[in-house]
Amino acid sequence: MSINVMLDEFKEIAANPKKQLEHYKGQGKKAIGVLPYYAPEELVYAAGMVPFGMWGSNKKTISRAKEYCATFYCTIAQLALEMLLDGTMDGLDGIITPTICDTLRPMSQNFRVSMGEKMPVIFLAHPQNRFDENGLAFTVAQYTNVRKKLGKIAGAEITDEAIKNAIKVYNRSRAARREFVKLANDHCDVVTPTKRSAVLKAAWFMSKDEYTEKLEALNAELAKLPVCDWQGTKVVTSGIICDNPKLLAAFEENNIAIAADDVAHESRAFRTDASETEADPMMALAKQFADLDYDVLLYDPQSAKNRRGEFVANMVRESGAQGLVLFMQQFCDPEEMEYPYLKKALDDMGIPHIKLGIDQQMRDFGQAYTAIQAFADVLEMNK
Amino acid sequence: MSAIYTLGIDVGSTASKCIILKDGEEIVAKSLIDVGAGTSGPQRAIDTVLANADMTREEMDFVLATGYGRNSLMGLADKQMSELSCHARGASFLFPEVHTVIDIGGQDVKVLHIENGTMTNFQMNDKCAAGTGRFLDVMARVLEVKVEDLGRLGAMSQKTVGISSTCTVFAESEVISQLSMGTDKCDIINGIHRSVASRVTGLVHRIGMVPEVVMTGGVAQNTGVVKALEAELDCPIHTSPLTQYNGALGAALFAWQAACRKSR
Ligand code: SF4
């Protein structure tokens, strides 16, 4: 199959979550909506169900969710709820609501109230201090609760063996996505920003074994191509999500490729694997959560050192990018509060960046286009 | 060698501006129409500038479009560029020592950092009209005065009145309540100018202010805003009678560069 045909398939899947859901339901499978961030999807897979990432939508407008949400909730959270209220995600058999940010914590209760009898809502509170014995025990306890509730929905208890197998499937999928990100940098002429985004987004709407098989096939084809001699500029993207094809088209129009990303919806979601040798697979998942690092949303005991800022700045240098584009979600406190530190690290290393204020209800990108084009000019001068 | 003529077109959100340059040095003609993107303004501005120069489109060696509506001229222009680069270029032409450009346009605010005549960094306002030309338009309407009179009226202020700088809608209701309390219009206008200045100052400090500072865009004609900004930044600000044409001038200069490359 040609690379373009494969890329188109990912694009089709990424653009049609409802169709994907119907596809799995048609096969008699159960599906679980998984809200951001860091829910142990492995447990859903181990239960024989399909996890569905719920990261809002670029095509919808907040209407029914307003009944439940404060106006200052980010659009990701509100539009995820909108999709549960307007029938788009009616096929789901339940949802998991993690609570890692200050918006999601109260939002989890909005989901519970609004879903009522419609579907089970599984509450998941990750610990802030996730490293020591108590933190790990807390995560295991929370995950055990999720495991039990998922088992109930699936109609059978989830075995340790199934979780161990799920960990393997997920590690392989994460490795394939990390590999793809590297290949997309080497072949940025073929894997343009919109295509790169679609490939990574499709992962949220597919059973991971199926997705990985497709992605490995694409990776194999990409690896055969000669590394492209890119004449444009390259950036690293950062933020919670940047999957709007219209916005990403501005990168393409201005010959800006994406060399790597620090995006929650993309690389931050597959940077860290879970151990396949740990005797207790629940502990393996808890340790994986503890091992996550350099993340806006996670507690860093050494935050004064600005390790995260430096990590992202180094990513720009190491990936061969000339600058960074930060997609700042409106009303996202964690990202807003982190920004001065990221800015400092970038400034200290002389890396230019722009911050684009976005939300998922944006339909006019005039200002963003201007900023992206001007940034392309700046990067070109700095090359 | 015959002279090179280039045309720069700046299609802004509220006005369309054109400049014809000879050999990248001499302004041959200019035009300004008070409506911008999506209107007949751009075409009328082009027709006017060509008529003023007594020339035709065919006599232009290179045409470059910039501004919010730059994409709408793709059939007519040879190239388009972001208005930020063009403003940087125009300001460096007018003030060779410039390092900071503050451009307040109809719907956005941009601050550019310039080294050796080229833009090396920039900041734009968030998606909010506070601090922009639109903000002043709204306030002028509420106060029942003309936008072009704001500077003169604000200068007559005797008293300090605080107007919020966070949001156009809130600021508008503040102005209305000041009016109903009988506050002098000149004092309110002065407060509005300081509100714009404080909003823009935040952006300037985000990229760091390096003199010399130049202000461009339509709002630079409002002496009240310029003075308030000078006070906030504690730094003199240069403006030019060509301030509104700055983007078009930069576009014509880039067009000249492109024309020279083409003819080589
Ligand atoms: S981290 Fe930001 S974008 Fe994500 S749910 Fe919280 S507020 Fe919304």
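This one's a predicted model, so the numbers in the text were calculated from it and none came from an experiment.

Thoughts on the overall build of chain B
Next up, step 1: Looking only at helices and strands, one finds eight helices and 10 strands in chain B.
Next up, step 2: For 264 residues, the compact-globule estimate of 2.2 N^0.38 gives 18 Å, and the C-alpha radius of gyration of chain B, at 19 Å, lies within 12% of that figure.
Next up, step 3: Each principal axis of the C-alpha distribution contributes one length, and for chain B these read about 65 × 35 × 30 Å.
Next up, step 4: Per-residue burial over chain B gives 56% buried out of 264 residues.
Next up, step 5: The contacts in chain B between residues at least 6 apart in sequence include a share of 64% that link residues at least 24 apart.
Next up, step 6: Counting every atom, chain B has about 11000 Å² of accessible surface; 50% of that belongs to carbon and sulfur.

Description of the site of the ligand
Next up, step 1: Taken together, Tyr 37, Cys 74, Ile 76, Cys 101, Thr 103, Leu 104, Ile 240, Leu 297, Phe 331, Cys 332 and Pro 334 of chain A make up all the residues around the ligand.
Next up, step 2: Among the residues forming the shell around the ligand, the class breakdown is 10 nonpolar, one polar and no charged.

Some thoughts on the sheet that holds strand S6 (residues 256-263) of chain A
All names here are of chain A.
Next up, step 1: Strand order in the open sheet formed by four strands is S6-S5-S7-S8, with parallel pairing between adjacent strands. This sheet does not close on itself; its edge strands, each paired only once, are S6 and strand S8 (353-358). Across this sheet, the average inter-strand angle for adjacent strands is 25 degrees, counted without regard to direction.
Next up, step 2: Sheet topology note: the strand S7 (residues 323-329)/S8 ladder contains six bridges and is parallel.

Some points on the domain arrangement of chain B
All names here are of chain B.
Next up, step 1: Each assigned domain of chain B is listed with its residue range as follows: domain 1 (5-88 + 244-263) and domain 2 (97-239).
Next up, step 2: Its C-alpha centre places domain 1 at a distance of 26 Å from the equivalent point of domain 2.
Next up, step 3: Each partner contributes to the interface: domain 1 provides 10 residues, whereas domain 2 provides 15 residues.
Next up, step 4: With both sides pooled, the region where domain 1 packs onto domain 2 buries about 1000 Å², and carbon together with sulfur makes up 64% of that total.
Next up, step 5: If you sort the residues of domain 1 by the area they bury against domain 2, Leu 84, Ala 88 and Gln 244 come out on top, with a joint share of 51%.
Next up, step 6: Linking domain 1 with domain 2 are one salt bridge.
Next up, step 7: Lys 110 is paired through a salt bridge with Glu 83; the nearest N and O atoms lie 3.9 Å apart.
Next up, step 8: Counting every contact that joins domain 1 to domain 2 gives two residue pairs in polar contact (both at pLDDT 80 or more).

Some details on the packing of aromatic side chains
Next up, step 1: Using the criterion set out here, one finds 10 aromatic pairs over all chains in the structure.
Next up, step 2: Ring centres of Phe 10 of chain A and Tyr 211 of chain A lie 5.7 Å apart, and the angle between their planes is 75 degrees; this geometry places the pair in the edge-to-face category. Of this pair, Phe 10 of chain A sits in helix H1 (residues 3-15) while Tyr 211 of chain A sits in helix H9 (residues 208-224); the two residues are 201 residues apart in sequence, bridging distant segments of the chain. Tyr 211 of chain A shares its class with Phe 10 of chain A; the two are buried.
Next up, step 3: When the ring of Phe 251 of chain A is compared with that of Phe 327 of chain A, the centres are 6.1 Å apart and the planes differ by 25 degrees; the resulting orientation is stacked. Here Phe 251 of chain A is found in helix H10 (residues 245-253), whereas its partner Phe 327 of chain A is found in strand S7, with 76 residues between them in sequence. Neither residue differs from the other here; Phe 251 of chain A and Phe 327 of chain A are each classed as buried.
Next up, step 4: Linked through ring pairs, Tyr 24, Phe 52 and Phe 205 of chain A together constitute an aromatic cluster.
Next up, step 5: Arg 130 of chain A extends its terminal NZ or CZ atom over the ring of Phe 289 of chain A, reaching a point 5.9 Å from the ring centre.
Next up, step 6: Positioned above the aromatic ring of Tyr 245 of chain B is the side chain of Lys 30 of chain B, whose terminal nitrogen or guanidinium carbon lies 5.5 Å from the ring centre.

A closer look at the interface of chain B and chain A
By convention, interface size is frequently given as the accessible area that disappears when the constituent parts associate.
Next up, step 1: The interface of chain B with chain A comprises 20 residues on the first partner and 17 residues on the second.
Next up, step 2: Between chain B and chain A, roughly 1600 Å² of surface is buried when both sides are summed, and carbon and sulfur atoms account for 53% of that area.
Next up, step 3: Summed over the shared surface of chain B and chain A, the result is zero salt bridges.
Next up, step 4: The interface formed by chain B and chain A contains six residue pairs in polar contact (both at pLDDT 80 or more).
Next up, step 5: Where the side of chain B that touches chain A is concerned, the elements lending two or more residues are helix H2 (83-94) and strand S8 (118-124) of chain B.

Quick notes on the sheet that holds strand S5 (residues 79-80) of chain B
All names here are of chain B.
Next up, step 1: Taken together, five strands build an open sheet; the order of strands is S3-S2-S1-S4-S5 and the sheet is mixed. If you trace the sheet from one side to the other, it starts and ends with strand S3 (26-33) and S5, each paired once.
Next up, step 2: Both strand S1 (residues 5-11) and strand S4 (residues 62-66) contribute to a ladder of five bridges, which runs parallel. Following the sheet pairing, Asp 10 is matched in S4 by Thr 66.
Next up, step 3: Running at roughly 145 degrees to S3, helix H1 (residues 41-53) makes contact with S1, strand S2 (16-22) and S3 of the sheet.

Examining the pairing of S6 of chain A
Residues and elements named next belong to chain A.
Next up, step 1: Burial within S6 is extensive, with eight of its eight residues counted as buried.
Next up, step 2: Across seven bridges, the pairing between strand S5 (residues 233-239) and S6 is parallel. Its bridge partner lying in S6, Val 235 is registered against Ile 258.
Next up, step 3: Of the crossover connections in this fold, the one passing from S5 over H10 to the parallel S6 is right-handed.

Analysis parameters
- Residues numbered from 1 in each chain as written.
- Chains lettered and ligands numbered in written order.
- Predicted model: local features only at pLDDT ≥ 70, side-chain atom pairs only at ≥ 80, totals over all residues.
- Heavy atoms only, no water.
- Helix = DSSP H or I, 4+ residues; strand = E, 2+ residues; numbered from the N terminus.
- Rg over C-alpha atoms; globule rule 2.2 N^0.38 Å.
- Buried < 20%, exposed > 50% of the residue type's maximum accessible area, 1.4 Å probe, protein only.
- Contact = heavy atoms within 4.5 Å.
- Areas by Shrake-Rupley, 256 points an atom, 1.4 Å probe, with all protein chains shown as cover.
- Near = heavy atom within 4 Å.
- Nonpolar A, V, L, I, M, F, W, Y, C, P; charged D, E, K, R; others polar.
- Pairing = 2+ DSSP bridges.
- Axes fitted to C-alpha atoms, helices over the stretch in contact; angles between N-to-C directions.
- Domains from an automatic or database assignment.
- Buried area = accessible area lost by both parts, 1.4 Å probe.
- Salt bridge = Lys/Arg side-chain N within 4 Å of Asp/Glu carboxyl O.
- Polar contact = N/O pair within 3.5 Å; in protein donor to acceptor, adjacent residues only side chain to side chain.
- Phe/Tyr/Trp six-rings, centres within 6.5 Å; stacked < 30°, edge-to-face > 60°.
- Lys NZ or Arg CZ within 6 Å of the ring centre and 35° of its normal.
- Right-handed = clockwise from strand over helix to strand, strands pointing away.

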